[in-house]
Amino acid sequence: MITPFRTARLAMLPLKVEYAGQMAKVLADPALYTFIGGEPPTVERIEARYRRQLEGPGRPDEHWLNWVIQHDDELVGYVQATVTGSTAEIAWVIGTQWQGRGYAKEAAQGLVAWLNEQGMKRIIAHVHPDHAASAAVTTAAGLTRTDELDDGEYLWTT
């Protein structure tokens, strides 16, 4: 189900364990975890996570789709979607060093367009109430905030 896709400036490359070393540098800033929790992962933890993600959930009706985001020859973040039936729950992270350049907006818009091309009927994102930048990205990607809170985050949907 997963294929590479492009936007004007970015390439979304299907996840490979080999990207772990580069992604450890992208994900190294503790500030990235202010709203999502956690801490910067080691290369070994990223490798283990990528192996789990590539194996998938083991449920026939659910698919984990993961891409790293590349600008020029450099990885700058990731996008992902958990697909169940015709619904996709999406997320994205752009490394601190590359924030403020519109990459999150462009990647999220590209992901939503790709998912729509795959026949998704509903797309959902979870955004922390205080994360204005993610709310702006989610709006730009065509999702609308609901009043529903899930684990302290607003659900946004198409």
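Residues numbered from 1 in each chain as written. Predicted model: local features only at pLDDT ≥ 70, side-chain atom pairs only at ≥ 80, totals over all residues. Heavy atoms only, no water.

Draft legend 1. View of the sheet that holds strand S2 (residues 10-14). Read from one edge of the open sheet, 8 strands run S1-S2-S3-S4-S5-S6-S8-S7, paired in mixed fashion. Edge positions in the sheet fall to strand S1 (5-6) and strand S7 (144-150), since each of these pairs with one other strand and no more. Where S1 lies against S2, 2 bridges are found, and the strand directions are antiparallel. Counterpart to Arg6 in the pairing with S2 is Ala11. Helix-sheet contacts for helix H3 (residues 103-117) involve S1, S2, strand S3 (62-71), strand S4 (74-84), strand S5 (87-94) and strand S6 (122-127), and the interaxial angle to S5 is about 160°. Packing against the sheet, helix H4 (residues 132-140) makes contact with S5, S6 and strand S8 (153-157), and its axis sits at approximately 170° to S6. (Pairing = 2+ DSSP bridges. Helix = DSSP H or I, 4+ residues; strand = E, 2+ residues; numbered from the N terminus. Contact = heavy atoms within 4.5 Å. Axes fitted to C-alpha atoms, helices over the stretch in contact; angles between N-to-C directions.)

Draft legend 2. Layout of the environment of Ile123. With respect to the element layout, Ile123 can be found in strand S6. For the pair formed by Ile123 and Pro40, sequence separation is 83 residues and the distance between their alpha carbons is 28 Å. For Ile123, the contacting residues outside a window of four places in its chain are Ala88, Ile90, Val112, Leu115, Asn116, Leu143, Trp156, Thr157 and Thr158.

Draft legend 3. Broad picture of the environment of Trp156. With respect to the element layout, Trp156 can be found in strand S8. Given the relative accessible area of 9%, Trp156 is considered buried. It is 7.4 Å that separates the C-alpha atoms of Trp156 and Val127, two residues lying 29 residues apart in sequence. Look past the residues within four positions of Trp156 in its chain and what remains in contact with it is Ile123, Ile124, Ala125, Val127, Ala135, Thr138, Thr139, Leu143, Thr144, Arg145 and Thr146. (Buried < 20%, exposed > 50% of the residue type's maximum accessible area, 1.4 Å probe, protein only.)

Draft legend 4. Just the pairing of S5, in detail. Bridge analysis of S4 against S5 gives 8 bridges, and the strand direction is antiparallel. Note that in S5 the partner of Val83 across the bridge is Ala88. The hairpin formed by S4 and S5 contains 2 residues between the paired strands, and Gly85 there has a positive phi angle of roughly 60°. For the handedness criterion, the β-α-β arrangement of S5, H3 and S6 is classed as right-handed. (Right-handed = clockwise from strand over helix to strand, strands pointing away.)

Everything listed here is a matter of geometry and, on its own, says nothing about what the molecule does.
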